[in-house]
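Architecture and fold: a report
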Amino acid sequence: MKAVVTTTPGGPEVLQLQEVEEPQINEDEVLIKVEATALNRADTLQRQGKYPPPKGASPYGLECSGTIEAVGKNVSRWKTGDQVCALLSGGGYAEKVAVPAGQVLPVPQGVSLKDAAALPEVACSVWSTVFMMSRLSAGETFLVHGGSSGIGTFAIQIAKHQGVKVFVTAGSEEKLAVCKDLGADVCINYKTEDFVARVKEETGGKGVDVILDSVGAPYFQKNVDSLNIDGRLFLLGFMGGAVTQVNLASLFAKRITVQAAGLRTRTLENKAEIVSEVEKNVWPAIVAGKAKPVVYKYLPLSEAAEGHRLLESSQHIGKILLVA
Ligand SMILES: NC(=O)c1ccc[n+]([C@@H]2O[C@H](COP(=O)([O-])OP(=O)(O)OC[C@H]3O[C@@H](n4cnc5c(N)ncnc54)[C@H](OP(=O)(O)O)[C@@H]3O)[C@@H](O)[C@H]2O)c1
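In this text, all values refer to a predicted model and were calculated from it rather than measured experimentally.

**Observations concerning the overall build of the protein chain**
When you go through the protein chain residue by residue, the secondary structure sums to 10 helices and 15 strands. The C-alpha atoms of the protein chain give 19 Å as radius of gyration, which agrees with the globular expectation for 324 residues (20 Å, within 12%). Across its three principal axes, the protein chain shows a C-alpha extent of roughly 60 × 40 × 35 Å. Within the protein chain, the fraction of its 324 residues that count as buried is 52%. Sequence-distant contacts, at least 24 apart, represent 68% of the contacts inside the protein chain between residues at least 6 apart.

Below, the structure is given as structure tokens:
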């Protein structure tokens, strides 16, 4: 089969579509004939040699959609021909991928097989962090930075569906207009406005209850300053840097909780639990039309390098898909 591989770290041009061995499934896995895969920032870090995949995982591609082609002997939920999407440890940039059965989800009714590839990472990341860990609840306020990102576009929709007031930041009016269309209540252009001041103004000086951030170091103190009493800050990434100084007194005064987590280091059991919670809590919202995948561009698998260039330019809104 064909898959995108690299033999050396580097720029997008190191991604090459090559002939490789087909993956073999174990007794707890299924084999998916890939319809589409979606790009993630982690793929670009991996390509640069800064984020090695887990031992034994195939390279590139943390999510996919497609049709089940074979099932392991311990798998009872899925059968050949089922249309699914899946959270992967790697291997989605390929014509076929093997995945533990617990990381597979049905394609939600109303979503095309191709577009379902845009869902597993954002749904599992947002649900496991903001809702399962930070306990964001109806009636609370929530700020998501990078509102037009893959994560942001999904977080806005699912938080609104849960009865939350949503604040976003983004770097252009065009991006903010999309966030507004998706349901964001307060849209802040961080290039022209101080987000801390605007959050304070909009919340009567109190601050928001939960923040989802992947900018990291440059935003840490500002995030703490933007939180309400008992506020929760969830760090999903650190695109702007990982090392910072913080005034600990400001954490004490407001009883702030800071959490950080990725999906990659979680055990198979833990990933299966998240996938199951997502199917229970997020999938019904998608089926009801309250949340949808936001796709910026479809490219063929052979143009993975172009996809990485686009992702790294940050021009996109939502997800970029590679179609097998
Ligand atoms: N921990 C996990 O399990 C997990 C899972 C998925 C994603 N993530 C992380 O979540 C973050 C968002 O992922 P995504 O796929 O939604 O990203 P994405 O679609 O590529 O969007 C990222 C956006 O963030 C904004 N941004 C702000 N500061 C930036 C900076 N210093 N460098 C680059 N972009 C910056 C840009 O929009 P503006 O023009 O508005 O600035 C950019 O478009 C990434 O850090 C990713 O690694 C973590």
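**Thoughts on the site of the ligand**
Around the ligand lies a shell of 23 residues, among which Arg41, Ile151, Gly171, Lys175 and Tyr190 are the nearest. Serine 149 has a polar side-chain atom sitting 3.3 Å from an oxygen atom of the ligand. When the ligand is considered free in solution it has 920 Å² of accessible area, and contact with the protein chains removes 84% of it. Secondary structure elements with two or more residues in the shell around the ligand: helix H2 (120-133) and helix H3 (150-161). For the shell around the ligand, a count of residues per class yields nine nonpolar, 11 polar and three charged.

**Remarks on unusual backbone geometry**
The phi dihedral of tyrosine 60 is positive, around 55°, even though this residue is not glycine. Note on placement: tyrosine 60 falls in the loop between helix H1 (41-47) and strand E4 (63-71). Among the residues examined, tyrosine 60 registers a relative accessible area of 3% and is labelled buried. Positive phi values are uncommon outside glycine, yet arginine 255 reaches one of about 55°.

**A few points about the nonpolar core**
Burial of nonpolar side chains together is a common tendency in soluble globular proteins. Judged by nonpolar contacts, the single largest core of 45 residues is most densely connected at Phe142, Phe154, Val168, Val282 and Trp283. Counting residues per element, this core draws most heavily on H2, which supplies seven residues. Looking at which domains feed residues into this core, each of domain 1 (2-119 + 293-323) and domain 2 (123-260) gives three or more. Ignoring any residue separated from it by four or fewer positions in sequence, one finds valine 168 in contact with Leu143, Val144, Gly147, Ile156, Leu176, Cys179, Ala184, Val186, Cys187 and Ile188. Leu143, Val199, Leu227 and Leu233 belong to the second largest nonpolar core, which has 17 residues in total.

**Here's the deal with the packing of aromatic side chains**
According to the stated counting rule, one finds three aromatic pairs in the structure shown. A centroid spacing of 5.8 Å and a plane angle of 25° characterise the contact between tyrosine 60 and tyrosine 93, whose relative ring orientation is stacked. Taken together, the positions of tyrosine 60 in the loop between H1 and E4 and tyrosine 93 in the loop between strand E5 (83-87) and strand E6 (96-100) put the pair 33 residues apart, joining distant regions of the chain. Considering the side-chain rings of phenylalanine 195 and tyrosine 219, the 4.9 Å spacing of their centres and the 55° angle between planes classify their relative orientation as tilted. Of the two residues, phenylalanine 195 is situated in helix H5 (residues 195-202) and tyrosine 219 in the loop between strand E11 (208-213) and helix H6 (220-226); the sequence distance between them amounts to 24 residues. When its relative accessible area of 3% is taken as the criterion, phenylalanine 195 is described as buried.

**Observations regarding the sheet that holds strand E10 (residues 186-189)**
Across the sheet, which stays open at both edges, the six strands sit in the order E10-E9-E8-E11-E12-E13 with parallel pairing between neighbours. Bordering the open sheet on either side are E10 and strand E13 (257-260), each of which pairs with just one other strand. Along the sheet, successive strands turn relative to each other by an average axial angle of 15°, direction set aside. In this structure, strand E8 (residues 141-144) lies alongside strand E9 (residues 165-170), joined through four bridges in parallel fashion. When the bridges of E9 are listed, phenylalanine 142 appears paired with valine 166.

**Here we look at the pattern of salt bridges**
Enumeration over the complete set of coordinates arrives at 15 salt bridges. The residue lysine 96 makes a salt bridge to glutamate 22 at a minimum N-O spacing of 3.1 Å. One end of the pair, lysine 96, is in strand E6; the other, glutamate 22, is in the loop between strand E2 (16-19) and strand E3 (29-38), with 74 residues separating them in the sequence. Judged by its relative accessible area of 15%, lysine 96 is buried. Note that arginine 309 and glutamate 306 form a salt bridge whose closest N and O atoms lie 3.3 Å from each other. Of this pair, arginine 309 and glutamate 306 both sit in helix H10 (residues 304-313), three residues apart, which is roughly one turn of that helix. A relative accessible area of 40% means that arginine 309 is categorised as partly exposed. If you follow the salt bridges from partner to partner, you end up with Glu22, Glu69 and Lys96 in one network.

**A look at the domain arrangement of the protein chain**
Partitioning the protein chain into domains gives domain 1 (2-119 + 293-323) and domain 2 (123-260). A straight line from the C-alpha centre of domain 1 to that of domain 2 covers 28 Å. Contact residues are listed per partner, giving 10 residues for domain 1 and 13 residues for domain 2. Between domain 1 and domain 2 lies a buried interface of about 830 Å² when both sides are counted; carbon and sulfur atoms form 69% of it. Taken together, domain 1 and domain 2 are joined by zero salt bridges. The interface formed by domain 1 and domain 2 includes three residue pairs in polar contact (both at pLDDT 80 or more). Split into classes, the residues belonging to the side of domain 1 that touches domain 2 amount to four nonpolar, four polar and two charged.

What counts, and at which threshold
- Residues numbered from 1 in each chain as written.
- Predicted model: local features only at pLDDT ≥ 70, side-chain atom pairs only at ≥ 80, totals over all residues.
- Heavy atoms only, no water.
- Helix = DSSP H or I, 4+ residues; strand = E, 2+ residues; numbered from the N terminus.
- Rg over C-alpha atoms; globule rule 2.2 N^0.38 Å.
- Buried < 20%, exposed > 50% of the residue type's maximum accessible area, 1.4 Å probe, protein only.
- Contact = heavy atoms within 4.5 Å.
- Near = heavy atom within 4 Å.
- Polar contact = N/O pair within 3.5 Å; in protein donor to acceptor, adjacent residues only side chain to side chain.
- Areas by Shrake-Rupley, 256 points an atom, 1.4 Å probe, with all protein chains shown as cover.
- Nonpolar A, V, L, I, M, F, W, Y, C, P; charged D, E, K, R; others polar.
- Core = buried A, V, L, I, M, F, W, Y, C linked by side-chain atoms within 4.5 Å.
- Domains from an automatic or database assignment.
- Phe/Tyr/Trp six-rings, centres within 6.5 Å; stacked < 30°, edge-to-face > 60°.
- Pairing = 2+ DSSP bridges.
- Axes fitted to C-alpha atoms, helices over the stretch in contact; angles between N-to-C directions.
- Salt bridge = Lys/Arg side-chain N within 4 Å of Asp/Glu carboxyl O.
- Buried area = accessible area lost by both parts, 1.4 Å probe.

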